[in-house]
Amino acid sequence: MGALSGGHLAVDFASGSVPALIPFMTDRFQLGYALSAMLLLAATASSSLVQPLFGLWSDRRGALWLIPGGVLLAAIGVGGAAVSPAYPLVLLLVFAGGLGIAAFHPEGAKFAAYASGRRRASGMAYFNSGGNAGYALGAFATGQLVVWLGLVGGLVAMVPVVVASFGLARVVPHLSELRPETDETAYQRGDDRRRAMALLGLVIALRSVSWFTLLAFVPLWIVSLGHSKADGNRLLFVMLLAGAVGTLLLGPLADRIGLRPTLAITQALVTPMILVFVYVGGLPGAVALMLVGVCIVGSFGVTMVLSQLYLPRHVGMASGLSIGLAMGIGGVAAVVLGAVADAIDLKTALTISALVPALGLIVCLRLPAPATPAQRSTRSQPAAAPLAD
């Protein structure tokens, strides 16, 4: 589990480095907003939208080598993009790095579920805490290295990611010994609950609209209030770091009170906290933004476990859908809110992003309970269930 969480930290370190590189790429190649956004879109499309395909591969054939291979490809792509002499090549390398990120997640999440045993929410929280911490550290460390060394600092930042990939390759034989605790006979052909997974994907997508909007615009919003870019980046780092801490808190909580109640509570808090950040600001706004990080990032493990329980016969696919496709759709929608910010103002875009998760709460309350082993063995499908796991 430590190796899987460490691998998650490494691959998301590379992922978090991409937004840190974009401002420097913009200056180097004299890019406009559209071409700058293409870099983020290339990373999002390749790292998120194609994850279900890797999940399908994982379920059908098994591909443990994707764990170290994905980390290595992410490092090569992002590091190469940092020192590339031409914008089209930068775009291609960022896309390739995103494919490495996409390759790691479904297989890594599947074996993290196997390693979690019966305390799956806590185990997946531990796995996701590595990724969340890695994303925050990647955005911070790569930005600092590029300030000190120039764009070659982006290449230097990928050195520990490469080292991590070789370390993961050494533990692949041990990972191959992991098996799910649940007996295979407990799962019947009808156990996959696609409608439930579709509802959960909608909740994740609506929530990720807010998340990607905040990732893109928190520093710009702080600058618009008269503060420095450094102040904005520090606040963004604090939000990401709070999310990493929240992952460790919400996993054990979900094991105690249930997955769906935990998800519903965190979903309900997102809208008011973003509104406090935008309309109150100051210290209360900073604290509210940290709570947004806790609620959204901290519940990644909860949604991942739910997706695996809704699609127990396709655990890799479930991970790809919850981590990749649903998040990627939210990221694309956040680009639309960027156009709203251009046409009206940034406050309006942030306000809309705050209201979107409220729709997700309505969907969240309609999520069915995951089937128990007894229900799976009898292939029963209850028509409705109260909000308890």
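It should be emphasised that the depicted structure is a prediction, and the values quoted were computed from it without experimental measurement.

Procedures and definitions
Residues numbered from 1 in each chain as written. Predicted model: local features only at pLDDT ≥ 70, side-chain atom pairs only at ≥ 80, totals over all residues. Heavy atoms only, no water. Helix = DSSP H or I, 4+ residues; strand = E, 2+ residues; numbered from the N terminus. Buried < 20%, exposed > 50% of the residue type's maximum accessible area, 1.4 Å probe, protein only. Contact = heavy atoms within 4.5 Å. Axes fitted to C-alpha atoms, helices over the stretch in contact; angles between N-to-C directions. Parallel < 35°, antiparallel > 145°, perpendicular 65-115°, else oblique. Left-handed = near helix turned anticlockwise from the far one by under 90°. Nonpolar A, V, L, I, M, F, W, Y, C, P; charged D, E, K, R; others polar. Phe/Tyr/Trp six-rings, centres within 6.5 Å; stacked < 30°, edge-to-face > 60°. pLDDT = per-residue confidence, 0-100.

Q: Explain the side chain of T213 to me, please; I cannot follow it from the model alone.
A: When you line up the elements, T213 lands in helix α9 (residues 194-224). Under the relative-accessibility criterion, T213 is labelled buried at 0%. Setting aside anything within four residues of it in sequence, one finds T213 in contact with V218, A334, L337, L350 and S353.

Q: How do you make sense of helix α13 (residues 300-310) when you look at a structure like this?
A: Of all 11 residues in α13, 10 are buried; the element is thus mostly enclosed. F300, G301, V302, T303, M304, V305, L306, S307, Q308 and Y310 are the residues of α13 that are buried.

Q: Honestly, the packing of α9 against α13 in this entry has me stumped. Any pointers?
A: Packed helix pairs are characterised by how far apart their axes lie and by the angle those axes make with each other. Between α9 and α13, the shortest axis-to-axis distance is 9 Å and the interhelical angle comes to 160°. Considering their axes alone, α9 and α13 lie roughly antiparallel with respect to each other. α13 is crossed by α9, and the crossing has left-handed handedness. When α9 is examined against α13, the residues A196, M197, L200, I204 and R207 are found in contact with a partner set consisting of F300, T303, L306, S307 and Y310. Across the contact of α9 with α13, the residue classes tally to 7 nonpolar, 2 polar and 1 charged.

Q: Please explain the packing of aromatic side chains as it appears in this structure.
A: Pairs of aromatic rings are described using the distance from one ring centre to the other and the angle between the two planes. With the rule as written, the count across this model stands at 3 aromatic pairs. With 6.4 Å between their ring centres and 65° between their planes, F29 and Y87 make a pair best called edge-to-face. One end of the pair, F29, is in helix α1 (residues 2-29); the other, Y87, is in helix α5 (residues 87-116), and 58 residues separate them in sequence. Here F29 and Y87 have matching classes, each one buried. An angle of 15° between the planes, with centres 6.4 Å apart, marks the rings of F104 and F127 as stacked. Note that F104 is positioned in helix α5 and F127 in helix α6 (residues 120-149), a separation of 23 residues in sequence. Residue F127 is classed as buried on the basis of its relative accessible area of 0%.

Q: What exactly am I supposed to notice about the packing of helix α11 (residues 259-279) against helix α15 (residues 346-364) here?
A: Taken N-terminus to C-terminus, the directions of α11 and α15 make an angle of 165°; their axes are 9 Å apart at the nearest point. In terms of orientation, α11 and α15 fall into the roughly antiparallel class. Considering how the two elements wind past one another, α11 and α15 form a crossing that is left-handed. When α11 is examined against α15, the residues L263, A264, Q267, A268, V270, T271, I274, L275, V278 and Y279 are found in contact with a partner set consisting of K347, L350, T351, S353, A354, L355, P357, A358, G360, L361 and C364.

Q: Explain the confidence of the model for the protein chain to me, please; I cannot follow it from the model alone.
A: Parts of the prediction with low pLDDT should not have their coordinates interpreted in detail. Per-residue confidence for the protein chain averages 81 on the pLDDT scale, and 85% of its residues sit at or above 70. Low pLDDT (under 50) marks residues 183-190, which in the prediction has 14 contacts with non-local residues, meaning those over four places away or in another chain. Contacts for the low-pLDDT stretch residues 373-389, under 50 throughout, to residues beyond four places or in other chains number 30 contacts.

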